[in-house]
Amino acid sequence: MSNALFDMVSGYLDSNKTGKATSTAKPKLHKEVKLSNDLLEEYQSKAFNWRKQGRKCIDFVNNAQWSEDDEKVLRDSNRAPVVDNQIKPAREQGISMLTANDPQAQATAKENSDVDSAQLFSDAFTHIWGNSNGKSELKSAICDYYDTGVGVMMAWADPSADWGKGEIFVKSIHSLHVYISPWIQSRLAADAGHVIISHNVTGEQLQSQYNVAIEKIREMAIGHSSKGDGSYPESDRFMGEDQDIGDIDDGLMTNKYVMVDRYSPIKVKFYHINNVHTPEERLFNEDQYNDYLAEKAFILHTSQGQEIITNNVHVLEVEKMYRETGGVFHMMQDQQTGQAVPMPGEEHEGAIPGSQVVMQEITKMDLFAAGEIKVRIVEETRIKRIFSAGDVLCWEQVLNISTLPFAFFFNGFNRNPYCMSDVKMAMSLNEFINKQLSQIVAHTANSTNQKVFVPKGVGISDKELEEKWGKAGAQFFRYDAETGALPVVVQVPPLQNAVFETINNAKTSIYHLFGIHPLQSGDPTSAPSTYKGTLAIDQYAQRRIGSKLDDIEAGLNQMNKAIVEMIQDTYTEEKIIRLFDPNETTKTTVLNEPVYDEITGEFLGRINDVSIGKYDIVVVAGSTLPSNRWARTEMLEGYADKGWIDQEALLVNSDIPDIQGILSRSSQRAQMAQQIQGLEEEVKNLKGDLQTATRESLHDKKRLEVEKFSTKLDQAANKIDSASQLFEKSLQLEKQSQKVNQGNKNE
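Residues numbered from 1 in each chain as written. Predicted model: local features only at pLDDT ≥ 70, side-chain atom pairs only at ≥ 80, totals over all residues. Heavy atoms only, no water.

Draft legend 1. Structural detail: the overall build of the protein. A count of helices and strands for the protein gives 19 helices and 26 strands. Within the protein, the proportion of its 747 residues that are buried is 36%. Split by element, the accessible area of the protein, about 43700 Å² in all, is 51% carbon and sulfur. (Helix = DSSP H or I, 4+ residues; strand = E, 2+ residues; numbered from the N terminus. Buried < 20%, exposed > 50% of the residue type's maximum accessible area, 1.4 Å probe, protein only. Areas by Shrake-Rupley, 256 points an atom, 1.4 Å probe, with all protein chains shown as cover.)

Draft legend 2. Fine view of the sheet that holds strand β12 (residues 296-302). One open sheet holds the five strands; their spatial order is β13-β12-β16-β14-β15, and the pairing between them is antiparallel. Two strands in the sheet have a free side with no partner beyond their single neighbour: β13 (305-309) and β15 (340-344). Between one strand axis and the next, the sheet turns through 30° on average, direction left out of account. Pairing of β12 with β13, which is carried by five bridges, proceeds in the antiparallel orientation. Among the inter-strand pairings, Phe 298 is bridged to a residue of β13, identified as Ile 309. Contacting β12, β13, β14 (328-333), β15 and β16 (357-363), helix α10 (residues 312-325) runs over the sheet at an angle of about 65° to β12. (Pairing = 2+ DSSP bridges. Axes fitted to C-alpha atoms, helices over the stretch in contact; angles between N-to-C directions. Contact = heavy atoms within 4.5 Å.)

Draft legend 3. View of the sheet that holds strand β5 (residues 150-158). One open sheet holds the three strands; their spatial order is β6-β5-β19, and the pairing between them is antiparallel. Across the chains shown, the open sheet's two edge strands, defined by having one partner strand only, are β6 (167-173) and β19 (406-410). The average angle at which neighbouring strand axes cross in this sheet is 15°, direction not considered. Pairing of β5 with β6 involves seven bridges; the strand directions are antiparallel. Each residue of the ladder has a partner; that of Met 153, found in β6, is Ser 172. Strands β5, β6 and β19 of the sheet are contacted by helix α6 (residues 134-147), whose axis makes an angle of about 145° with β5.

Draft legend 4. The packing of aromatic side chains, seen in detail. Tallied over the entire structure, the rule returns 15 aromatic pairs. Between Tyr 263 and Phe 406, the aromatic rings sit 5.2 Å apart at their centres with planes inclined by 90°, giving edge-to-face as the arrangement. Taken together, the residues Tyr 263 in strand β10 (residues 256-275) and Phe 406 in strand β19 connect sequence positions 143 residues apart. Through a chain of ring-to-ring contacts, the aromatic side chains of Tyr 263, Phe 406, Phe 408, Phe 410 and Phe 413 assemble into a single cluster. Lys 171 extends its terminal NZ or CZ atom over the ring of Trp 156, reaching a point 5.4 Å from the ring centre. (Phe/Tyr/Trp six-rings, centres within 6.5 Å; stacked < 30°, edge-to-face > 60°. Lys NZ or Arg CZ within 6 Å of the ring centre and 35° of its normal.)

Draft legend 5. Quick look at the environment of Trp 395. Tracing the sequence through the fold places Trp 395 in strand β18 (residues 392-399). Owing to a relative accessible area of 22%, Trp 395 belongs among the partly exposed residues under this scheme. Distance from Trp 395 to Val 212, taken between C-alpha atoms, is 8.7 Å for residues 183 residues apart in sequence. Here the side chain of Trp 395 touches Gln 397 through a polar contact of 3.4 Å, side chain to side chain. (Polar contact = N/O pair within 3.5 Å; in protein donor to acceptor, adjacent residues only side chain to side chain.)

Draft legend 6. Focus on the nonpolar core. Of all hydrophobic cores here, the largest spans 98 residues; its most connected members are Met 153, Leu 206 and Phe 406. The biggest single contributor to this core is helix α16 (residues 546-570), with nine residues. If sequence neighbours within four positions are ignored, Phe 406 has contacts with Val 152, Met 153, Met 154, Ile 173, Val 195, Ile 197, Tyr 263, Gly 555, Gln 558 and Met 559. (Core = buried A, V, L, I, M, F, W, Y, C linked by side-chain atoms within 4.5 Å.)

Draft legend 7. Spotlight on α6. Under the 1.5 Å per step criterion, the end-to-end length of α6 is 20 Å for 14 residues, consistent within 8% with the ideal 20 Å. Among all positions in α6, only Gly 134, Leu 138, Ala 141, Ile 142, Cys 143, Asp 144, Tyr 145, Tyr 146 and Asp 147 are buried. Immediately beyond the C-terminal end of α6, within one or two residues, lies Gly 149, with a positive phi of roughly 100°. (Expected span 1.5 Å × (residues − 1).)

Draft legend 8. Molecular detail of the pairing of strand β8 (residues 195-202). For β8, a buried count of eight out of eight residues is recorded, marking the element as mostly surrounded by other parts of the structure. On β8, burial covers both faces: Val 195, Ile 197, His 199 and Val 201 on one face and Ile 196, Ser 198, Asn 200 and Thr 202 on the other are all buried. Both strand β7 (residues 178-180) and β8 contribute to a ladder of three bridges, which runs antiparallel. Paired with Tyr 179 across the bridge in β8 is Ile 196. Taken together, the eight bridges between β8 and β10 define a ladder with antiparallel strand orientation. Considered in β10, the bridge of His 199 is made with Met 259.

Draft legend 9. Looking closely at the pattern of salt bridges. According to the stated counting rule, one finds 21 salt bridges in the structure shown. Asp 162 is paired through a salt bridge with Lys 575; the nearest N and O atoms lie 2.6 Å apart. With Asp 162 in the loop between β5 and β6 and Lys 575 in strand β22 (residues 575-580), this pair connects stretches of sequence that are 413 residues apart. Among the residues examined, Asp 162 registers a relative accessible area of 30% and is labelled partly exposed. Put simply, Glu 396 and Lys 384 hold a salt bridge, and the shortest N to O gap is 3.8 Å. With Glu 396 in strand β18 and Lys 384 in strand β17 (residues 373-389), the pair connects residues that are 12 residues apart, well separated along the chain. (Salt bridge = Lys/Arg side-chain N within 4 Å of Asp/Glu carboxyl O.)

Draft legend 10. The arrangement of the packing of α6 against α16 in detail. Axis separation between α6 and α16 bottoms out at 12 Å; the angle between their running directions is 125°. Between α6 and α16, the angle falls in the class oblique. In this structure, the crossing between α6 and α16 has a hand that is right-handed. Listed contacts from α16 to Leu 138, Ile 142, Tyr 145 and Tyr 146 of α6 are Lys 548, Asp 551 and Ile 552. When its residues are assigned to classes, the contact of α6 with α16 shows five nonpolar, no polar and two charged. (Parallel < 35°, antiparallel > 145°, perpendicular 65-115°, else oblique. Left-handed = near helix turned anticlockwise from the far one by under 90°. Nonpolar A, V, L, I, M, F, W, Y, C, P; charged D, E, K, R; others polar.)

Draft legend 11. Region of interest: the side chain of Thr 148. Among the structural elements, Thr 148 can be located in the loop between α6 and β5. On the basis of relative accessible area, Thr 148 is assigned to the buried category, the value being 2%. Within the local environment of Thr 148, its side chain forms a polar contact with the side chain of Ser 175, the two groups lying 2.7 Å apart.

The structure is reproduced here in structure tokens:
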């Protein structure tokens, strides 16, 4: 084997400086590396039988269901090692049910002041899960859960991801690479003294995945470490299909090193800060505590007393005023607006009485000395990580989390980490099926290839019998009846139906072991005759897998405790999270959004600061299980008919494609209908107005005609009056003329 190392920085092989081959002399190890190796050796010895059994189960699921000894016996007896793999489809069905949907997270705040920020952690978990392809990782862990009895996932933070802002991921770890303290009593392994991840890795993996410098790799021992073996357990199964299962052997150009990644809970001293002037409590390490005490604070002296300012945002505002006013200001009334405005200097005649404020700049250390800030030293649990490879310490760090960052899924927990898997329990049933099928194949072969007993002295040669007996169609054999008896053909008795019934019963038992109802795997023979009955059976059948679902959800909730603390420790800068739901809608959440003064540009604080507060993230029970689409749609339709939900709620919870387009078009149609209704009402009103105007116009015309006729009548009447007056005048004149004429006659 070549000892050349591939340098990922330069991109070339560095064959001159090679890794060290394993030697018999024990090198001097770092004390942490020695402890890791000693623990690994002890844990491997305790888990030897369980790991061997786990490897056997994994091989069995992958069609290696006969041992090499059994296969040899079958071959020697001209029998085929038939495999009818009933375990894998049952396991796949269980995995499909447990991972049908992504887990829905619900965050809750432990303090009333943090309730508004709880949703931020739900969004952050959804982002982490989607960014890590969590559904695929969960499937891998549940595969191990069924195969070996233990599934493992872990959360980890990459400080260099997202342009150096840091990112959190979740991933699955092969259970045969994980070594848990054998003396655990908790089903979640929360009481584990140590958890070790150990397996063989290449130099390229150390550089790319674990950021180990090539200078460190050159010092590592190739192959096994001084104690412990990172290789995959050996197999004794017959690989009839040339399966490659487990680790691949070393190559000519690739070195392998035993990686030992240890996580150990330790006690670390912290300072618990209780600031009576702010509603928050903080927990600081030594450096954070010293930085906190050095922070500025202010005492405001007023006529009513004094006020202590410790909130960082408020301190920045007061500090700005302190620089602008020299530390003293009073209030004056603006003659134009009538509002009180601050003015530098001491209070004088014309100022608002009692408005003087004297600002005293101090530090939080002064407040601590005065007893205004209470400090209590406590010991908190933190997780120490020791990473070594090839007997070389790569790094050690104390993670700022109080729980192990793992999700352990124990299948049938027996107060130790060595659980018996469902595959192990079903192996004997599948082996029984395989043996029965092998016997059926042998019986079929014996039925088609008859056994013939030929008496000695028969006048037909063996060669002639073999040639003619093996041909199809009618055959004629001539023999001498006086020289011997005829050959005797032995008939193989037919198989009884009980043989096939026992095989079917064994298949059903396997599905029962995995918590799967035959109907859920598509078997129509077990379906009820009614639609409602089928829906009910599909719903009730999920109760069988409920216990396994509890194992998965409990493990995820335990890991989520570490994720909350990782979020607060990793997401310290502004981070924009965009989430997409199946309805193609986008939700944007901004974490740690900075706020600056609009005029001076000074930093004032953060909105949605996730580094403060205490929270829990809990997986919503049953959120990963599948739901019956027909039953759910029918239920929602019933709710809609009763008026309990609207059309949008019905569509959003259905499987109809392009829901947003439908809602958008429906909204547009509703708006258009409202506009049409408004226009119709307007037209109706205009019609009424037109009718009113028409009536009024008609009335005006009639009134005008009447007025015209009245005018004519008045004119006629006036003429008549004038004529009458003229007639009267003429009559009077005629009378006077007659009187004058009569007088003249008398004279």
